[in-house]
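# Examination of the molecular architecture
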2 protein chains.
Amino acid sequence: MKKSLADKIEQYIKVLIDRSSEHKIEIQRSELAETFRCVPSQVTYVINTRFTEKKGYLTESRRGGKGFVRIARFQDNSNLNEILNKNELLVFIDELLEKRAITKKEHEMLRYLVIHGFKDIPVKEKNKLFAAVRYALDSFTQARKH
Amino acid sequence: MKKSLADKIEQYIKVLIDRSSEHKIEIQRSELAETFRCVPSQVTYVINTRFTEKKGYLTESRRGGKGFVRIARFQDNSNLNEILNKNELLVFIDELLEKRAITKKEHEMLRYLVIHGFKDIPVKEKNKLFAAVRYALDSFTQARKH
DNA sequence: CCTTCTTTGACTTTTACTGACTTTTGTTTA
DNA sequence: TAAACAAAAGTCAGTAAAAGTCAAAGAAGG
């Protein structure tokens, strides 16, 4: 299994991120391309295939003079946490039904919302969101009791 | 972290605004240009690209002798947009009730969620979120009809 | 083979910066 | 007081320096 250039660039960037203070680096595409003696679009390729949101990275960039590419790894890396949190919220919603704090119809609707409603929200925000929804539901059902 | 001149001027102005009493400053374009050793139109460029209304700033200026550029940051640029969008979603939810697609209780719960549930989500995400919720609710109620 | 991943390069778009020229406004002077 | 002057700020187009896009060719793996 020979390492492709893309693999090497990927590894290089990951080392940079590891060494950085905030899990965040800023590079210049053209500069990096020169380091590896390849065309700049090769770097773009690496970024698009290896540093995706799904893999736990956020990227930003700016064109033009003094342009840059910023790559940040977010700490609650990934899926696991997201799914966990979504599950936690779903469990909470199930408990509400068990406690008769919500009706069966409401329960059905809420589950649907949680599962399908938050597709486009970045992972980082999603956790906050789930917590917020949980809080809101809690105080709502409390309030409704009286 | 290579900062462009425009970035530096932007930051400089923002610090001035932060230190000001009313989130408002008055500068002289030519003076600032001299400080940064650039042409005055560079300052105009920064103001036009970084201190726009969309980003929460209002600018005024006067030419000629005793000329000036005034930059003011207004409290919550987002509010207007946010509220508008939230309202759109609330209107949609109200319509669902009118169409009998949801019950009164569901309606009540959804309104509460929208109003109280998404407090900590950044504005930028919030709009996407509202759209997502609207979409989810739409398909949910469609599906439930059958 | 066939498919998928990599690499390349020509072309596009965005952003920064500059300088010549214009417009506006206050001040001075005839 | 009207005209000239000076001192601002605005406009705009041009240049350069990035990064992005996309399709096509090439390589690797099954």
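Residues numbered from 1 in each chain as written. Chains lettered and ligands numbered in written order. Predicted model: local features only at pLDDT ≥ 70, side-chain atom pairs only at ≥ 80, totals over all residues. Heavy atoms only, no water.

The next thing to look at is empty space enclosed by the protein. On inspection of all chains with the given rule, the structure shows one cavity of 30 Å³ or more. Here the largest cavity defines a volume of roughly 30 Å³. Lining the largest cavity are Leu113(A), Val114(A), Phe118(A), Val133(A), Leu113(B) and Phe118(B). (1 Å grid on protein atoms, 1.4 Å probe; cavity = no way out; pocket = protein on both sides within 12 Å on 5 of 7 lines; lining within 4 Å. Points joined across faces, edges and corners; volume = space filled by probe spheres on them.)

Turning to the packing of helix H1 (residues 5-19) of chain B against helix H3 (residues 40-50) of chain B, a few remarks are in order. Residue and element names in this part refer to chain B. Closest axis-to-axis distance for the H1/H3 pair is 10 Å, and the angle between their directions is 70 degrees. Relative to H3, the element H1 lies roughly perpendicular. Where H1 abuts H3, its residues Leu5, Ala6, Asp7, Ile9 and Glu10 lie against Gln42, Tyr45, Val46 and Arg50. (Axes fitted to C-alpha atoms, helices over the stretch in contact; angles between N-to-C directions. Helix = DSSP H or I, 4+ residues; strand = E, 2+ residues; numbered from the N terminus. Parallel < 35°, antiparallel > 145°, perpendicular 65-115°, else oblique. Contact = heavy atoms within 4.5 Å.)

Bringing the protein's contact with DNA strand D into the picture now. DNA strand D sits among 23 residues. The nearest are Arg29(A), Ser30(A), Arg29(B), Ser30(B) and Arg63(B). Each atom of DNA strand D within 4 Å of the protein was assigned to sugar, phosphate or base; sugar and phosphate come to 64%. Arg29(A) is positioned such that a nitrogen or oxygen atom in its backbone is 2.6 Å from a phosphate oxygen of DNA strand D. A distance of 3.4 Å separates a base nitrogen of DNA strand D from a polar atom in the backbone of Gly65(A). Elements with a contribution of two residues or more to the surface near DNA strand D: helix H2 (29-35), helix H3 (40-50) and strand E2 (57-62) of chain A together with helix H2 (29-35), H3 and strand E2 (57-62) of chain B. (Near = heavy atom within 4 Å. Polar contact = N/O pair within 3.5 Å; in protein donor to acceptor, adjacent residues only side chain to side chain.)

Neighbouring residues of DNA strand C: 27 residues in total, closest Ala6(A), Gln42(A), Tyr45(A), Ala6(B) and Tyr45(B). Sugar and phosphate atoms constitute 65% of the interface atoms of DNA strand C, taking the interface as everything within 4 Å of the protein. At a separation of 2.9 Å, a base oxygen of DNA strand C approaches a polar side-chain atom of Ser41(B). At 2.8 Å, a side-chain N or O of Gln42(B) approaches a phosphate oxygen of DNA strand C. Looking at the surface near DNA strand C, the elements with two or more residues in it are helix H1 (5-19) and H3 of chain A together with H1 and H3 of chain B. Here the residues of the surface near DNA strand C sort into 10 nonpolar, 10 polar and seven charged. (Nonpolar A, V, L, I, M, F, W, Y, C, P; charged D, E, K, R; others polar.)

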